[in-house]
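# Structural overview
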Amino acid sequence: ARARASSSSSSTSSEGRHRISARDASFGAGERDAGDDARAATRDDCAMMEDDARTYETDDSDGSDTVTALIERTTETEKITRDYCATEDSARERTGDANASDAMIEALEGKIKACEGASASGKGAQALYAKKAAAETAMGKLSDALTSSKRVIEIAPLWFRGYVLLSEVTLRQCCDSSSVNDVDAAKEIAKAALERALFLEPNVSKDSKFLSLCAKIGAMSAS
């Protein structure tokens, strides 16, 4: 009798555990799904940051480069024309199908929403915002691009890429202004952003995008 009672008790306990486990699994499914979506949203897109880390993992900068020196050097050696704004506009027209770009931005916004839904700070979404800012800049959606680039910096203030993006968007925006004061202010903001990027990553002084922005500031100053 004791054996039967023990067996019955063990069976009842086992069934109870199974019911509890099933209930817990059902209860936590929504949370796990949200977490999986957020992880999936950033897994591939954070490759941009990993690529940066690999590219600049060895600091072979001699520390002598400054943004001012790079502006002078690139303006002289690369002979950037003073009408670069027109060149940028032409490049924007060649970016391809605007509808395809809109679809890409919409997809990025979906991933950003999933990522930020899983973390109040938005941690992990910086690479997504960086891609979004680059796409918006290429399409000429400069106001949106400015917002996205600032968001990169808010989430990851120690990642140099956000400051490079901010500099690029700021310079593009000032092309639409006829005010000398606005252009001068934009140059100062762009230069300060590049200085911050250089401080965070000295080897960015060898980056082609960084150098082209230095050259553009120089060309604007010479005009």
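Values in this document were obtained by computation on a predicted structure and should not be read as measured data.

## Considerations on the overall build of the protein chain
- A count of helices and strands for the protein chain gives ten helices and zero strands.
- Listed N to C, the secondary structure of the protein chain is α-α-α-α-α-α-α-α-α-α in terms of helices and strands.
- Counting across all 223 residues of the protein chain, residues that qualify as buried make up 39%.
- For the protein chain, the share of sequence-separated contacts (at least 6 apart) that also reach a separation of at least 24 residues comes to 72%.
- About 12900 Å² of surface is accessible on the protein chain, with carbon and sulfur atoms providing 51% of the total.

## Looking at helix α10 (residues 208-222)
- Its 15 residues place the ends of α10 21 Å apart at the C-alpha level, agreeing with the 21 Å of an ideal helix rising 1.5 Å per residue.
- Taken across its 15 residues, α10 has eleven buried, putting it largely inside the fold.
- Within the span of α10, buried status applies to Phe210, Leu211, Ser212, Leu213, Cys214, Ala215, Lys216, Ile217, Gly218, Ala219 and Met220.
- Between the side-chain oxygen of the N-cap and the backbone nitrogen of lysine 209 there are 3.1 Å, and the N-cap of α10 in question is aspartate 207.

## A closer look at the pattern of salt bridges
- The tally for this structure, following the rule as stated, stands at six salt bridges.
- Across the pair arginine 151 and glutamate 116 runs a salt bridge whose closest N-O atoms are separated by 3.1 Å. Taken together, the residues arginine 151 in helix α7 (residues 142-155) and glutamate 116 in helix α5 (residues 98-118) connect sequence positions 35 residues apart.
- Across the salt bridge formed by aspartate 184 and lysine 187, the nearest N and O atoms sit 3.4 Å from each other. Of the two residues, aspartate 184 and lysine 187 are both situated in helix α9 (residues 180-200); the distance of three residues between them amounts to about one turn of the helix.
- You can call aspartate 184 partly exposed: its relative accessible area is 34%.
- On the accessibility criterion, lysine 187 (12% relative accessible area) is buried.
- Several salt bridges share partner residues, and in doing so they unite Glu116, Arg151 and Glu154 into one network.

## A closer look at the packing of helix α8 (residues 160-174) against α9
- Two elements in contact, α8 and α9, have axes separated by 8 Å at closest approach and are oriented at 165°. The pairing of α8 with α9 is recorded here as roughly antiparallel in orientation. Judged by the sense of rotation from one axis to the other, the crossing of α8 with α9 is left-handed. In contact with Phe160, Tyr163, Val164, Leu166, Ser167, Thr170, Leu171 and Cys174 of α8, α9 contributes Val183, Ala186, Ile189, Ala190, Ala193, Leu194, Arg196, Ala197 and Leu200.
- For the contact of α8 with α9, the per-class residue count stands at 14 nonpolar, two polar and one charged.

Criteria and thresholds
- Residues numbered from 1 in each chain as written.
- Predicted model: local features only at pLDDT ≥ 70, side-chain atom pairs only at ≥ 80, totals over all residues.
- Heavy atoms only, no water.
- Helix = DSSP H or I, 4+ residues; strand = E, 2+ residues; numbered from the N terminus.
- Buried < 20%, exposed > 50% of the residue type's maximum accessible area, 1.4 Å probe, protein only.
- Contact = heavy atoms within 4.5 Å.
- Areas by Shrake-Rupley, 256 points an atom, 1.4 Å probe, with all protein chains shown as cover.
- Expected span 1.5 Å × (residues − 1).
- Polar contact = N/O pair within 3.5 Å; in protein donor to acceptor, adjacent residues only side chain to side chain.
- Salt bridge = Lys/Arg side-chain N within 4 Å of Asp/Glu carboxyl O.
- Axes fitted to C-alpha atoms, helices over the stretch in contact; angles between N-to-C directions.
- Parallel < 35°, antiparallel > 145°, perpendicular 65-115°, else oblique.
- Left-handed = near helix turned anticlockwise from the far one by under 90°.
- Nonpolar A, V, L, I, M, F, W, Y, C, P; charged D, E, K, R; others polar.

Keep in mind these values describe shape, not function.
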